[in-house]
Structure formats: structure tokens, C-alpha cells
Amino acid sequence: QVQLVESGGGLVQPGGSLRLSCAASGIYFSVYSMAWYRQAPGKQRELVASIPVGGTTNYGDSVKDRFIISRDNLQNTVYLQMDSLKPEDTAVYYCNAGRYDSLIRNWRDYWGQGTQVTVSS
């Protein structure tokens, strides 16, 4: 059974920092591209950052130079370091694992349950 378990969310003041973690189980972690998405109330889910198996990281325009995504293939964990947080970063943050599955000839992905990040004074 595949599980992606996020942690590290919470309430932080503007300008503060948080570090999100996503622990994966039930998948061969090192062959999956990993990503963080977020969804604010009334808005569509958007990509925050992604880190493929062997390529370069990618960030949404609104978080560039403030957030850093990283992965530890030995710990089966992906992280999101968030600095200089703004009220507009408030959202539920979701962990995503995805890869192309040749058996189904399609992209296969999995989602975590989400963790709330609230930036407010």
C-alpha cells in the first residue's frame, strides 16, 4: 500500500520559515519524481516545486528564491524548505509522487493527505 505522509505544517508569522517533510512508503522511491503542490481556499491546486529523479528542480514563479525542494532517497523523504513566508502562501500543501508506468502506458501518481500552512500575524 502506497502512503505519502506529510508533516511540518502549522501557523507562522509573515517572514518566518517552515520545513515540510513527506515520508513515502510502498513505492520504489528513487524512481519517482517528487513534487509539492498547494491549494488555497477557492483556488485551483498549483505546483509549488518538483524534483525529478535525475534532472533539475523546478519552482512555481511565486516561490522562486524563497522555497527549496530536496529529497533523500535513503530516507524515502522529500522536503520543502520555505523561507520568507507570505500570507499568500497560506494553503494546504500536498506531496506528490509520479512516474511513467510502461505497463499502463500512462503517468502514475500518488498523493498525500495534505498539511495546512497558515501565514498570519
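Please refer to the structure placed before this passage.
**A word on the pattern of salt bridges**
In step 1: All told, the structure shown has six salt bridges when counted by the stated rule.
In step 2: A salt bridge links Lys 64 to Asp 61, with the shortest nitrogen-to-oxygen separation between them at 3.2 Å.
In step 3: On the basis of relative accessibility, which here comes to 42%, the residue Lys 64 falls in the partly exposed class.
In step 4: Accessibility expressed as a relative area gives 68% for Asp 61, which makes it exposed.
In step 5: Across the pair Arg 66 and Asp 89 runs a salt bridge, and its minimum N-O distance is 2.8 Å. Placement of the pair is Arg 66 in the loop between β6 (58-59) and β7 (67-72) and Asp 89 in the loop between β8 (77-82) and β9 (91-101), with a sequence separation of 23 residues. For the pair Arg 66 and Asp 89, a shared accessibility class is recorded, and that class is buried.

**Considering unusual backbone geometry**
In step 1: Positioned with a positive phi, Ser 84 is a non-glycine residue whose angle comes to about 50°.
In step 2: The residue Arg 105 is not glycine, and still its phi comes out positive at about 55°.
In step 3: Relative to the helices and strands, Arg 105 is located in the loop between β9 and β10 (106-111).

**Remarks on the nonpolar core**
In step 1: Counting 29 residues, the largest nonpolar core has Met 34, Trp 36, Val 78, Leu 80, Met 82 and Tyr 93 as the members making the most contacts within it.
In step 2: Of all the secondary-structure elements, those providing two or more residues to this core are β3 (18-25), β4 (33-39), β5 (46-51), β7, β8, β9 and β11 (115-119).
In step 3: Among all residues touching Val 78, those that are not within four sequence positions of it are Leu 20, Ser 21, Cys 22, Phe 29, Met 34, Trp 36, Ile 51, Ile 69, Ser 70, Arg 71 and Cys 95.

**Some details on the environment of Ala 91**
In step 1: Take Ala 91: it is sitting in strand β9.
In step 2: The sequence separation of Ala 91 and Asn 76 amounts to 15 residues, and the corresponding C-alpha distance is 24 Å.
In step 3: Not counting residues within four places of it along the chain, the set of residues in contact with Ala 91 comprises Arg 38, Gln 39, Ala 40, Thr 115, Gln 116 and Val 117.

**Describing the pairing of β4**
In step 1: Of the pairings in the sheet, the one linking β4 to β9 comprises seven bridges and is antiparallel in character. Each bridged residue has a counterpart across the sheet, and for Met 34 the counterpart in β9 is Ala 97.
In step 2: Inspection of the sheet shows β4 paired to β5 by five bridges, in the antiparallel sense. The residue of β5 that forms the bridge with Trp 36 is Ala 49.
In step 3: Counting the residues in the hairpin turn of β4 and β5 gives six residues, including Gly 42, whose phi is positive at 80°.

**Some points on the side chain of Arg 66**
In step 1: According to the relative accessible area criterion, Arg 66 is buried, its value standing at 10%.
In step 2: For Arg 66, the side chain forms a polar contact with the main-chain oxygen of Ser 62, separated by 2.8 Å.
In step 3: Setting aside residues no more than four positions away along its own chain, Arg 66 makes contact with Gln 81, Met 82, Asp 83, Ser 84, Leu 85, Lys 86 and Asp 89.

**Here we look at the sheet that holds β8**
In step 1: Strand order in the open sheet formed by four strands is β1-β3-β8-β7, and the pairing between neighbours is antiparallel. Looking at strand neighbours, the two that pair on one side only are β1 (3-7) and β7, the edges of this open sheet. The mean angle between the axes of side-by-side strands here comes to 15°, regardless of whether they run parallel or antiparallel.
In step 2: Relative to β3, β1 is paired through five bridges, and the arrangement is antiparallel. For Leu 4, the partnering residue across the bridge sits in β3 and is Ala 24.

The rules behind each value
- Residues numbered from 1 in each chain as written.
- Predicted model: local features only at pLDDT ≥ 70, side-chain atom pairs only at ≥ 80, totals over all residues.
- Heavy atoms only, no water.
- Salt bridge = Lys/Arg side-chain N within 4 Å of Asp/Glu carboxyl O.
- Buried < 20%, exposed > 50% of the residue type's maximum accessible area, 1.4 Å probe, protein only.
- Helix = DSSP H or I, 4+ residues; strand = E, 2+ residues; numbered from the N terminus.
- Core = buried A, V, L, I, M, F, W, Y, C linked by side-chain atoms within 4.5 Å.
- Contact = heavy atoms within 4.5 Å.
- Pairing = 2+ DSSP bridges.
- Polar contact = N/O pair within 3.5 Å; in protein donor to acceptor, adjacent residues only side chain to side chain.
- Axes fitted to C-alpha atoms, helices over the stretch in contact; angles between N-to-C directions.

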